[in-house]
Amino acid sequence: MSRTAHETPGVPEPRTAAGKNVVQAELAVSEPVMGRPAVAAADLAREGYLVYDPGLADTAICRSEITYIDGDAGILLYRGYPAQQVAEKCTFLQTAHLLTTGELPTGAQEERWLARIAASTLPANPVWGPLFDAMPAGTHPMAMLAAATSVMTSLAPDGASAIEQAGFDLLATMPALAAHAFARVEDRPRRPYDPSAGYVENFLHMCFGDSPVATDPAMVHALETLLVLHADHEQNCSTATLRLVSSSNAGFFSSVSAALSALWGPLHGGANQAVIEMLQAIRDDGGDLGKYVAKAKDRNDPFRLMGFGHRVYRTFDARARVIREVAREVCGKAAHDPLLDMALELEEIARNDEFFLERKLYPNVDFYSGLIYRAMGFPVEMFTALFAVGRAPGWIAHWTEAATAPERRIGRPAQLYTGPATRDLQF
Ligand code: ACO
């Protein structure tokens, strides 16, 4: 039987109002620049109480200046700028500069910034050949990225003092690692890294060689847009993981490796792979979308519409609108994809269905991104790795912010214990 707080010695008896136990306490309020104010949990702790918040949906784990989301209004700001504007006007590496330093670069700053990234020797390090060759066939690209970034700890200086260089190394190396993972998935030779080509062009060339996809301006633009729109998303599951791991003074690359593992899950970054697998499964089963919408609504059926719903957004995900248009353009150029028609039809059904409207479940960023990756020629296993390439600037920015935060403490959540009360062994 679980114990209630008021049975604990020293904890005041809560009063009852409207059928609820209530606690009265004076709580300090922190006002943000935008968004909900926060009360200090420590004040409640002094009264003898914990905050119970499974999923941390209503818990601010840090102060942050990097990204702001208004989930009700569908707004996403990078250092104050709407992400859609940034996607329209800035390159991925300019966005990385904005997120990690706080401002977009001037012309001279950008030149120096690009030169520092191009100067990283890590992407061409000889360790990658034997490491990727040693990965057993069938290893998921996200497992390869988590292993490879962990290995980077021994290739690059780590820790807070070397963080600036580590950031350049991560930006330079992530596309090379993703391209090596792709080569391993396809069991073909890796293509060399060429920093003199543009960032996206180099990556596409490492992935597709001389195929027209690698130089098609529409594909380059689509991938650049996707990378920008994935660059940061405040305290999501993987970034919160990165912060938690870093709070133990684990190094930068170890924290990134942990974040990659968190991103892999199908409820988070892995949803882009799960969406395509779901659409394909529905098609293989005869294409009856109504049947699968009914399954998603059935509380006794674990099936969910992948690519729908979001912890924070209660309207159309700010990024999903842009990505839907890019998907239409890219899929329009590539061979006709019947999964795009299904996706559009599914969106239409769900957006007119009481169940989804009541719960404010809209298509999220992953609903369309997979269709674009598919049109480019990436296999589904690669989709989350592409997300990860885009998320590198956010992880650099959050790791740096956490490492220098005045309120820095090791992350150590509490729990409501519901196991047996103290008892003695009876033998
Ligand atoms: N399909 C069907 N029902 C859903 C879905 C869905 N995709 N998402 C949420 N619901 C329902 C839940 O069953 C619940 O219903 P109930 O109130 O009747 O119990 C209600 O909506 C609220 O859902 P929660 O699980 O409490 O919402 P939460 O904020 O915890 O989860 C999540 C958010 C994980 C994104 C969820 O919506 C989901 O599983 N979506 C599918 C996976 C997905 O697309 N993930 C990618 C998110 S974007 C990203 O991380 C990059």
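What you are looking at is a predicted structure, and each value in this text was computed from that prediction instead of being measured.

Here we look at helix H12 (residues 271-284)
Right, on to step 1. The terminal C-alpha atoms of H12, which comprises 14 residues, lie 19 Å apart, in line with the 20 Å expected from a rise of 1.5 Å per residue.
Right, on to step 2. If you check which residues of H12 are buried, you get Ala271, Asn272, Gln273, Ala274, Val275, Ile276, Met278, Leu279 and Ile282.
Right, on to step 3. As for H12, its buried residues are in contact with helix H13 (289-297), helix H15 (338-351), helix H17 (365-376) and helix H18 (383-403).
Right, on to step 4. Glycine 286 occupies a position one or two residues after H12 and carries a positive phi of about 105°.

Remarks on the packing of aromatic side chains
For any pair of aromatic rings, the description rests on two quantities: the centre-to-centre distance and the angle between the ring planes.
Right, on to step 1. The tally for this structure, following the rule as stated, stands at 16 aromatic pairs.
Right, on to step 2. With a centroid separation of 5.1 Å and 70° between ring planes, the pair formed by tryptophan 113 and phenylalanine 168 is classed as edge-to-face. In this pair, tryptophan 113 is assigned in helix H4 (residues 107-118) and phenylalanine 168 in helix H7 (residues 163-186), connecting sequence segments 55 residues apart. Phenylalanine 168 shares its class with tryptophan 113; the two are buried.
Right, on to step 3. Both rings, one in phenylalanine 252 and one in tryptophan 399, keep their centres 5.6 Å apart while their planes meet at 80°; by these two values the pair is edge-to-face. Within this pair, whereas phenylalanine 252 is found in helix H11 (residues 252-264), its partner tryptophan 399 is found in helix H18, the two being separated by 147 residues in sequence. Grouping residues by exposure puts phenylalanine 252 and tryptophan 399 together as buried.
Right, on to step 4. Ring pairing ties together the aromatic residues Phe308, Phe355, Phe356, Phe367 and Tyr368, which thus form one cluster.
Right, on to step 5. In this structure, arginine 188 is placed above the aromatic ring of phenylalanine 182, and the distance from its NZ or CZ to the ring centre is 5.0 Å.
Right, on to step 6. The ring of phenylalanine 355 is capped by arginine 359, whose NZ or CZ atom sits 3.8 Å from the centre of that ring.

Some points on the site of the ligand
Right, on to step 1. Taken together, 20 residues surround the ligand, and among them His268, Arg299, Arg304, Leu305 and Gly307 come closest.
Right, on to step 2. Here a nitrogen atom of the ligand and a backbone polar atom of leucine 305 are 2.7 Å apart.
Right, on to step 3. In the environment of the ligand, an oxygen atom lies 3.0 Å from a nitrogen or oxygen atom belonging to the side chain of arginine 359.
Right, on to step 4. In the complex, 76% of the free accessible area of the ligand, which totals 920 Å², lies under the protein chains.
Right, on to step 5. Here the shell around the ligand is built from residues that sort into ten nonpolar, five polar and five charged.

Let's talk about a nonpolar patch on the surface
Right, on to step 1. On the surface, Leu27, Val29 and Val39 cluster together into a nonpolar patch covering about 240 Å² of accessible area.
Right, on to step 2. Here valine 39 shows up in strand S4 (residues 38-39).

Some remarks on the UniProt feature "active site" (unreviewed entry) in the protein
Right, on to step 1. If you check UniProt for "active site" (unreviewed entry), the listed places come out as His310 and Asp366 in our numbering. In summary, the annotated positions, though distributed over 57 residues, converge in three dimensions, the widest C-alpha pair being only 10.5 Å.
Right, on to step 2. Looking at where histidine 310 falls in the secondary structure, it is placed in the loop between H13 and helix H14 (318-333).
Right, on to step 3. For histidine 310, a relative accessible area of 23% translates into the label partly exposed.
Right, on to step 4. Separated by 3.3 Å, the side chain of histidine 310 and the backbone nitrogen of tyrosine 313 make a polar contact.
Right, on to step 5. One can find aspartate 366 in helix H17.

Structural notes on the nonpolar core
Inside soluble globular proteins, nonpolar side chains tend to come together where they are buried.
Right, on to step 1. By size, the foremost hydrophobic cluster in this structure holds 114 residues, and its most contacted members are Tyr78, Leu170, Phe252, Leu260, Leu305, Ile372 and Phe378.
Right, on to step 2. Discounting residues that sit within four places of it in the chain, phenylalanine 378 has contacts with Phe182, Phe203, Leu204, Cys207, Phe208, Tyr373, Phe383 and Leu386.

Concerning unusual backbone geometry
Right, on to step 1. Although it is not a glycine, aspartate 187 sits at a positive phi angle of roughly 50°.
Right, on to step 2. Residue placement: aspartate 187 occurs in the loop between H7 and helix H8 (199-208).
Right, on to step 3. Its relative accessible area of 64% is what places aspartate 187 among the exposed residues.
Right, on to step 4. We note that lysine 360 has phi near 55°; this positive angle belongs to a residue other than glycine.
Right, on to step 5. Checked against the element boundaries, lysine 360 lands in the loop between helix H16 (354-358) and H17.
Right, on to step 6. We classify lysine 360 as partly exposed; its relative accessible area is 41%.

Digging into the environment of leucine 344
Right, on to step 1. Along the polypeptide, leucine 344 turns up in helix H15.
Right, on to step 2. In this structure, the C-alpha to C-alpha distance between leucine 344 and phenylalanine 316, residues 28 residues apart in sequence, is 14 Å.

Overview of the pattern of salt bridges
Right, on to step 1. Summed over the entire model, instances satisfying the criterion amount to 18 salt bridges.
Right, on to step 2. Here glutamate 401 makes a salt bridge to arginine 243, at a shortest N to O gap of 2.4 Å. Of this pair, glutamate 401 sits in helix H18 while arginine 243 sits in helix H10 (residues 237-246), and the two are 158 residues apart along the sequence. For the residue pair glutamate 401 and arginine 243, the accessibility class agrees, reading buried in each case.
Right, on to step 3. Residue lysine 291 pairs with aspartate 285 through a salt bridge whose shortest N-O separation is 2.7 Å.
Right, on to step 4. Overall, the relative accessible area of 41% leaves lysine 291 in the partly exposed class.
Right, on to step 5. Here aspartate 285 falls in the partly exposed class, since its relative accessible area comes to 37%.
Right, on to step 6. One network of salt bridges, in which partners are shared, links Arg324, Glu325, Arg328, Glu347 and Arg351.

Conventions used here
- Residues numbered from 1 in each chain as written.
- Predicted model: local features only at pLDDT ≥ 70, side-chain atom pairs only at ≥ 80, totals over all residues.
- Heavy atoms only, no water.
- Helix = DSSP H or I, 4+ residues; strand = E, 2+ residues; numbered from the N terminus.
- Expected span 1.5 Å × (residues − 1).
- Buried < 20%, exposed > 50% of the residue type's maximum accessible area, 1.4 Å probe, protein only.
- Contact = heavy atoms within 4.5 Å.
- Phe/Tyr/Trp six-rings, centres within 6.5 Å; stacked < 30°, edge-to-face > 60°.
- Lys NZ or Arg CZ within 6 Å of the ring centre and 35° of its normal.
- Near = heavy atom within 4 Å.
- Polar contact = N/O pair within 3.5 Å; in protein donor to acceptor, adjacent residues only side chain to side chain.
- Areas by Shrake-Rupley, 256 points an atom, 1.4 Å probe, with all protein chains shown as cover.
- Nonpolar A, V, L, I, M, F, W, Y, C, P; charged D, E, K, R; others polar.
- Patch = residues over 30% accessible without salt bridge, like charges linked within 9 Å, V, L, I, M, F, W, Y side chains within 5 Å.
- Salt bridge = Lys/Arg side-chain N within 4 Å of Asp/Glu carboxyl O.
- UniProt positions renumbered as here; feature names shortened; annotations may be inferred.
- Core = buried A, V, L, I, M, F, W, Y, C linked by side-chain atoms within 4.5 Å.

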